[in-house]
Amino acid sequence: MKLNQLSIFAENKPGSLNRICSILAENNIDILTLSLADTTDFGILRIITKDWEKARDVLTENRIIVRVTDVVAVEVPNRPGGMCSILDTLSKYSINVEYMYAFAATKAAIIILRVDAPEMAIEKLKADGSVKFVSPEDIFQS
Amino acid sequence: MSQYKRMENPMFNPVSAPDYLPPEKLRELQTERFAFIIRRAYENVPFYRRRMDEKNLKPEDFRTLDDVKKLPFTIKADLRDTYPFGLFASPLKDIVRLHASSGTTGKPIVVAYTQSDLDVWQETMMRTMAAAGVSKDDIVQVAFGYGLFTGGLGAHYGAEGLGATVIPASGGNTERQIMLMKDFGVTAVACTPSYFVHIIEVAEKMGVDLHKLPLRRGMFGAEPWTEEMRRHIEEGAGIRAFDIYGLSEITGPGVGAACECQCGLHIFEDHYYPEIIDPDTLEVLPDGREGELVLSTLSKMAMPMIRYRTRDLTSIMTERCACGRTIRRISKISHRSDDMFIIRGVNVFPSQIETAILNEGKNLPHYQIILTRSHGLDNVEVDIEMTQEMFSDKVSAIESLTARFSHAIEKVLGIRVAVKMLPPNSIPRSEGKAKRVIDRRGNN
Ligand SMILES: [Zn+2]
């Protein structure tokens, strides 16, 4: 299913992530999962949270650059090669995976995919039948 | 000016009449005033007497404007060396105002005004604002600093002289500035161009659309700025951005101003005499050639300035302006010889880097140039603040943006440049002149 991910610009400097996290904490925003891409100069913090709208607003108020990105969340089949079949399907339709990250939910591992064509990815993965989509309700339930 | 002419052009303000003097008349007036000021300086200021004696010059040696080139130059260090009152030609009882510039090192520079000097200053600031189309119907917000700096009070008296409604906001407290603009229906603003860029930024964050306000004109000066920055300001706020020019050593703002044609700046030649020199040979250059602007005051009583080297690089424009003014124009000043830095033997002006950044991005992000030295080699780092529009969740997109910025800057400088993207507000904002270059080469 499609989720709204928050992508946040951070300087690669001690304290810059603390500031973002404390702003979110002060506003009672629960982070389900996150991933950090960093280079020598800057980092991009990617966050999945139920309260993405509120999180976006409080960060923007604090003059932090944040952008909402559409990502796809799927359950990774618990069998050898489960991950491969997802990637095979995407590459068959020339859908480019920009990045991905996984996290363990209560029952299964969930993978967040950032692809260049999220709608098409969902449609093709559905047709493929081998993946189980996770709805926002399921994800944020725990 | 006849009543008829004024009726024909309701915008015409009689205070601007000297802008249209026939050239022969103007030269005659300049010659007369120059002779007077040289005598005044020679007789009242030991510094000028000594300098002229050294060249074997007497006031009566000055007969025509051709003789100006024989006169000695005055430089900023001369003002420091004679601190505080050494260049005054009037006794303190005749001096009604002192201003001072913030010297970055040691003592400031002091400038003095008699009542007649203040009157001339107000007149030239009225002409400055009238040239930008400001009239008594305007509400003018002065966001130049008030105080020892000449910008605030200079703009204030100019707008007040025209009968406009003046809001003496001074610099700083940007959110309040924007609130005043909105609530009072401000139609014109005067401040430094970099501060106005900051105002645009803050207004955006406050959700105030400057395009929708009655604000129509901005008069910007006190620091060099580029054509690209003008475009950025005009598009970002929906106003027309006019250049104003001046320096406290000469009088403050009101030395020159852009007219409605926005092509160069008219110098108020009946009070300030411009020359362009080659800064190396000190030779006077013909009109049209770029060099250092040298100014002489023709009517200043308290503190005459003879051939003051401004360090501003420009040229005297040769064609007559379409606006009809006969006073000559200088081309837009986008750099000062002071701002120039030398990096691995190449002369660089911050404005060149700014132009490269503006050509690459759509908006002007906040930036700073940092010079360092390691192993005896100069390094340039340009820090640019990330904006919402430039940001992407993809590392590759930000890396290619950074690469585009560095290529654009490298094309100008001819050497490798490290561009670093920083979060918003990482670079300190100034409410006066922007500090674009940090030179740390002395420290290592
Ligand atoms: Zn003109």
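Cut-offs used in this document
- Residue numbers here run from 1 along each chain, matching the order of that chain's written sequence.
- Lettering of chains starts at A and numbering of ligands starts at 1, both following the order in which they are written.
- In view of the model being predicted, local features appear only for residues whose pLDDT reaches at least 70, and side-chain atom pairs are presented and counted only at 80 or more, with totals across whole chains, interfaces and linings using the full set of residues.
- Side-chain descriptors were evaluated using all non-hydrogen atoms of the structure, hydrogens and water having been removed beforehand.
- Aromatic rings from Phe, Tyr and Trp, taking only the six-membered ring of Trp, are treated as a pair when their centres fall within 6.5 Å; an angle between ring planes under 30 degrees marks them as stacked, one over 60 as edge-to-face, and anything in between as tilted.
- The buried label applies to any residue whose accessible area, calculated with a 1.4 Å probe on protein chains only, is under 20% of its type's maximum; exposed applies above 50%, and partly exposed to all values in between.
- Only when the NZ of Lys or the CZ of Arg is both within 6 Å of the ring centre and within 35 degrees of the ring normal is a charge said to sit over the ring.
- Residue ranges assigned to each domain were obtained from an automatic or database domain assignment.
- Note on contacts: a residue pair is in contact if any heavy atoms of the two residues lie within 4.5 Å.
- Computed with a 1.4 Å rolling probe, the buried area is the accessible surface lost when two parts are put together, summed over both parts.
- A pairing counts as a salt bridge when a side-chain nitrogen of Lys or Arg comes within 4 Å of a carboxyl oxygen of Asp or Glu.
- Identification of polar contacts relies on pairs of N or O atoms within 3.5 Å, with a donor-acceptor requirement for protein atoms, meaning one able to donate a hydrogen and the other able to accept it, and with residues adjacent in sequence counted only if both atoms are side-chain atoms.
- Elements are defined by DSSP. Helices are runs of H or I of four residues or more, strands are runs of E of two residues or more, and each kind is numbered from the N terminus.
- Any residue outside Ala, Val, Leu, Ile, Met, Phe, Trp, Tyr, Cys, Pro, Asp, Glu, Lys and Arg is labelled polar, Gly included; the first ten of those are nonpolar and the last four are charged.
- Under the convention used here, Asp and Glu are negative, Lys and Arg are positive, and both His and the chain ends fall outside the count.
- With water omitted from the atoms examined, metal sites may look incomplete; donors here are N, O and S atoms no farther than 2.8 Å from the metal, or 3.2 Å in the case of Na, K and Ca.
- Irregular is the default label, applied whenever a site is not tetrahedral (four donors, all angles between 85 and 135 degrees) and neither square planar nor octahedral (four or six donors, opposite donors over 155 degrees apart, all other angles between 65 and 115).
- The criterion for strand pairing is that DSSP finds at least two bridges linking the strands in question.
- Note on definitions: angles span 0 to 180 degrees between N-to-C directions of axes, and those axes are lines fitted to C-alpha atoms, for helices only across the stretch in contact.

**Q** Outline the packing of aromatic side chains, listing residues and values.
**A** Geometrically, a pair of aromatic rings is defined through the distance of the ring centres and the angle of the planes. Inspection of the entire model under this criterion finds 11 aromatic pairs over all chains. The interplanar angle of 25 degrees and the centroid separation of 5.0 Å between the aromatic rings of Phe85 of chain B and Phe88 of chain B together place this pair among those described as stacked. Classification of Phe88 of chain B as buried rests on a relative accessible area of 9%. Taken together, the ring pairs connect Phe9 and Phe42 of chain A together with Phe391 of chain B into an aromatic cluster. Lying across the ring of Tyr99 of chain A, Arg46 of chain A places its NZ or CZ 3.4 Å from the centre. Lying across the ring of Phe133 of chain A, Lys126 of chain A places its NZ or CZ 6.0 Å from the centre.

**Q** Let's hear about the domain arrangement of chain A: which residues, and what values?
**A** All names here are of chain A. In terms of domain boundaries, chain A breaks down into domain 1 (2-69) and domain 2 (70-134). When each unit is reduced to the centre of its C-alpha atoms, the spacing between domain 1 and domain 2 is 23 Å. Facing the 13 residues of domain 1 at the interface are 11 residues of domain 2. Carbon and sulfur atoms make up 59% of the area that domain 1 and domain 2 hide from each other, which totals about 1100 Å². Our enumeration of links across domain 1 and domain 2 arrives at 2 salt bridges. Measuring nitrogen to oxygen at the nearest pair gives 2.6 Å for the salt bridge that ties Lys2 to Glu119. Connecting domain 1 to domain 2 are 5 residue pairs in polar contact (both at pLDDT 80 or more). Counting only elements with at least two residues in the side of domain 1 that touches domain 2, the list comes to β1 (2-11), β2 (31-38), β3 (42-49) and β4 (66-75). The leading source of residues in the side of domain 1 that touches domain 2 is β1, at 5 residues. Broken down by class, the residue content of the side of domain 1 that touches domain 2 amounts to 5 nonpolar, 6 polar and 2 charged.

**Q** Account for the pattern of salt bridges, naming residues and giving values.
**A** Applying the stated criterion across every chain yields a total of 38 salt bridges over all chains. When the shortest N-O distance is used, the salt bridge between Glu75 of chain A and Lys132 of chain A registers 3.6 Å. Placement of the pair is Glu75 of chain A in strand β4 and Lys132 of chain A in strand β7 (residues 132-133), with a sequence separation of 57 residues. Given a relative accessible area of 52%, Lys132 of chain A falls into the exposed group. The salt bridge partner of Arg309 of chain B is Glu292 of chain B, with a shortest N-O separation of 2.8 Å. Of this pair, Arg309 of chain B sits in strand β12 (residues 308-314) while Glu292 of chain B sits in strand β11 (residues 291-297); the two residues are 17 residues apart in sequence, bridging distant segments of the chain. No difference in accessibility class separates Arg309 of chain B from Glu292 of chain B, as the two residues are buried. Put simply, Asp19, Glu123, Arg127, Glu260, Asp270 and Arg325 of chain B are held in one network by salt bridges that share partners.

**Q** Could you give an account of the side chain of Asp138 of chain B, with specific residues and numbers?
**A** Residue and element names in this part refer to chain B. Relative to the helices and strands, Asp138 resides in the loop between α5 (115-131) and β3 (139-142). Buried and without a salt bridge, Asp138 has Arg217 as its closest oppositely charged side chain, separated by 4.8 Å. Engagement of the side chain of Asp138 in a polar contact is seen with the side chain of Thr187, the distance being 2.6 Å. The residues contacting Asp138, other than those within four sequence positions of it, are Gly133, Ala164, Thr165 and Thr187.

**Q** Mind laying out the coordination of the zinc ion, listing which residues take part and the relevant values?
**A** Residues and elements named next belong to chain B. Here the zinc ion is held by the protein donor atoms Cys259 (SG), His266 (NE2), Cys321 (SG) and Cys323 (SG), which lie 2.1 to 2.2 Å from it. Classification of the site at the zinc ion as tetrahedral follows from its 4 donor atoms and the range of 105 to 113 degrees in their angles at the metal. Along the chain, the residues that donate to the zinc ion are spaced as C-x6-H-x54-C-x1-C. With a gap of 55 residues between them, His266 in strand β9 (residues 265-267) and Cys321 in the loop between β12 and β13 (329-330) connect regions that are remote in the sequence.

**Q** Before we move on, can you summarise the sheet that holds strand β4 (residues 165-167) of chain B with the specific residues and values?
**A** Residues and elements named next belong to chain B. Read from one edge of the open sheet, 8 strands run β4-β3-β5-β6-β7-β8-β9-β13, paired in mixed fashion. The outermost strands of the open sheet, each flanked by one partner alone, are β4 and β13. Each of β6 (217-220), β7 (240-247) and β8 (252-257) touches α5; the most contacted strand, β8, lies at about 45 degrees to it. Strands in contact with helix α7 (residues 174-184) are β3, β4 and β5 (188-191); relative to β3, the strand with the most contacts, it is inclined by about 175 degrees.

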